[in-house]
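Here are the chains, one letter per residue:
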Amino acid sequence: MRLDKTLSDSGYGTRSEVRALVRAGRVRVDGAVVRDPGFLLHEGVDGRLAVDGTATRVRRHLHLMLHKPEGFLTALEDARQPTVADLIPPNLRTRGLAPVGRLDLDTTGLLLLTNDGTLGHRLANPKWHVDKVYHAWTEGGDPFDARDAAAFAEGLTLGDGTPCQPAALEILGPAEARLTLHEGKYHQVKRMMGSTGRTVVRLHRESVGPVRLDPALAPGESRELTDEEAALLYRAASLEMPE
Ligand code: URA
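Residues numbered from 1 in each chain as written. Predicted model: local features only at pLDDT ≥ 70, side-chain atom pairs only at ≥ 80, totals over all residues. Heavy atoms only, no water.

**Q** I'm lost on the overall build of the protein chain in this one. Help?
**A** Along the backbone of the protein chain there are six helices and 13 strands. Seen through its principal axes, the protein chain has C-alpha atoms that stretch 70 × 35 × 30 Å. Of all 243 residues assigned to the protein chain, the portion counted as buried reaches 42%. Here the contacts in the protein chain between residues at least 6 apart in sequence split such that 62% fall between residues at least 24 apart. Of the roughly 12400 Å² of accessible surface on the protein chain, 51% is carried by carbon and sulfur atoms. (Helix = DSSP H or I, 4+ residues; strand = E, 2+ residues; numbered from the N terminus. Buried < 20%, exposed > 50% of the residue type's maximum accessible area, 1.4 Å probe, protein only. Contact = heavy atoms within 4.5 Å. Areas by Shrake-Rupley, 256 points an atom, 1.4 Å probe, with all protein chains shown as cover.)

**Q** For this particular structure, what's the right way to read the nonpolar core?
**A** Nonpolar side chains tend to gather and get buried jointly when the protein is soluble and globular. Among the nonpolar cores identified, the biggest contains 30 residues, and Phe152, Leu179, Val189, Met192 and Met193 are the most heavily contacted of them. For this core, the elements supplying multiple residues, two or more each, are β5 (63–68), β7 (108–114), β8 (132–139), β10 (176–181), α5 (188–195) and β11 (199–208). Excluding anything up to four places from it in sequence, Val189 contacts Tyr134, Ala136, Leu179, Leu181, Val200 and Leu203. (Core = buried A, V, L, I, M, F, W, Y, C linked by side-chain atoms within 4.5 Å.)

**Q** Explanation requested: the environment of Leu233 in the structure shown.
**A** Within the secondary structure layout, Leu233 lies in helix α6 (residues 227–236). Measuring from C-alpha to C-alpha, the distance between Leu233 and Val211 comes to 7.1 Å, with 22 residues separating the pair along the chain.

**Q** Looking at this structure, I do not really get the pairing of β7. What am I missing?
**A** In regular strands, side chains alternate between the two faces of the sheet. Counting buried positions over the seven residues of β7 gives seven, a clear majority of the element. By the bridge criterion, six bridges tie β5 to β7 in an arrangement that is antiparallel. Along β7, the bridge assignment pairs His63 with Thr114. Taken together, the two bridges between strand β6 (residues 98–99) and β7 define a ladder with antiparallel strand orientation. Opposite Pro99, over in β7, you have Leu113 as the bridge partner. Relative to β11, β7 is paired through two bridges, and the arrangement is parallel. Looking at the pairing, Gly109 lines up with Arg205 of β11. (Pairing = 2+ DSSP bridges.)

**Q** Looking at this model, I keep getting lost on the packing of aromatic side chains. Mind explaining?
**A** Two measures describe an aromatic ring pair: the distance that separates the ring centres and the angle between the ring planes. Scanning the model with the defined rule gives zero aromatic pairs in all. When the ring centre of Trp128 is taken as reference, the NZ or CZ atom of Arg122 above it lies at 3.7 Å. Positioned above the aromatic ring of Trp137, the side-chain terminus of Arg202 is 4.1 Å from the ring centre. (Phe/Tyr/Trp six-rings, centres within 6.5 Å; stacked < 30°, edge-to-face > 60°. Lys NZ or Arg CZ within 6 Å of the ring centre and 35° of its normal.)

**Q** Help me out: how do you make sense of the domain arrangement of the protein chain in this one?
**A** Where the parts come together, the accessible area they lose is often given as the size of the interface. Domain boundaries in the protein chain define domain 1 (3–55) and domain 2 (63–236). Here the C-alpha centre of domain 2 lies 38 Å away from the C-alpha centre of domain 1. (Domains from an automatic or database assignment.)

**Q** Can you walk me through unusual backbone geometry in this structure?
**A** At Asp30, a residue that is not glycine, the phi angle is positive and equals roughly 50°. Mapped onto the secondary structure, Asp30 falls in the loop between β1 (27–29) and β2 (32–33). Within the chain, Asp52 stands out as a residue other than glycine whose phi angle is a positive 50°. Turning to its location among the elements, Asp52 is positioned in the loop between β3 (49–51) and β4 (54–55).

**Q** It is not clear to me how the environment of Arg59 should be interpreted in this structure. Could you clarify?
**A** Relative to the helices and strands, Arg59 is located in the loop between β4 and β5. Exposure remark for Arg59: the relative accessible area of 24% places this residue in the partly exposed category. The sequence separation of Arg59 and Leu7 amounts to 52 residues, and the corresponding C-alpha distance is 8.6 Å. If we ignore the near neighbours within four places in the chain, the residues touching Arg59 are Asp9, Ser10, Arg95 and Glu224.

**Q** Looking at this structure, how should I read helix α3 (residues 117–124)?
**A** Of the residues making up α3, those classed as buried are Leu119, Gly120, Arg122 and Leu123. Down the axis of α3, the smallest arc covering the buried residues is 170°, so these residues share one side. Set apart from the buried face of α3 by more than 90 degrees, the exposed residues are Gly117 and His121. Looking at the buried positions of α3, the neighbouring elements they touch are β5, β7, β8 and α6. (Arc of directions from axis to C-beta.)

**Q** Before we go on, may I ask you to explain the sheet that holds β1 in this structure?
**A** Taken together, the four strands give an open sheet; going across it, the order is β2-β1-β3-β4, and neighbouring strands pair in antiparallel fashion. Whereas interior strands pair on both sides, the edge strands pair on one side only; in this sheet they are β2 and β4. Of the strand pairs in this sheet, β1 and β2 are connected by two bridges, and their pairing is antiparallel. Each bridged residue has a counterpart across the sheet, and for Val29 the counterpart in β2 is Ala32.

And the structure:
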């Protein structure tokens, strides 16, 4: 891979910024200054590439966890509404991050963004059985009881006849529950609750597969996944974690 692309993918700036960095003699490969931005690196350059004298980690892939607030569309651009792309830290905006699945405009909580398309696709696709856990607050209907948990475990049928896979309902209060889904149909939690006579008034996603929303993140804040979290996600998606 080209040196400028590698540096840019690793977060050192846009292509033109990293070209300037290279031309200024600030980048070394195997200890020698390289001034050609098009210099071709071979696999496994990790640790042999240094910027301003500091060995750098070469990473093509980036994964972000975002605490999605209300009022942001899960999209990369929209003519009318703010989108989650507005919440990506500016230095990471050129890295090709895309949301994994979708949260409604009014849903809060964990949204993953990745620039590994295969990983994103698998995490969102029900075929790969990556659980999503939601905390739902409802209005209307009866207080939750064991019969609801049994009906969700059995697999609900939505109002329009669509069957749902079995889901785990943990009752947290008369109108509050934690729901673990193995699939991700459009408005699924709201429609499932709707089919039991309840309206969701607040919805928050707590986790996606093995990754939980970091409680240190305020709404609108994000951070990169740790190596350990990324490794767990790749494993959950039955993928080898790339170098
Ligand atoms: N189910 C919903 O109804 N909305 C979401 O945002 C996510 C799951």
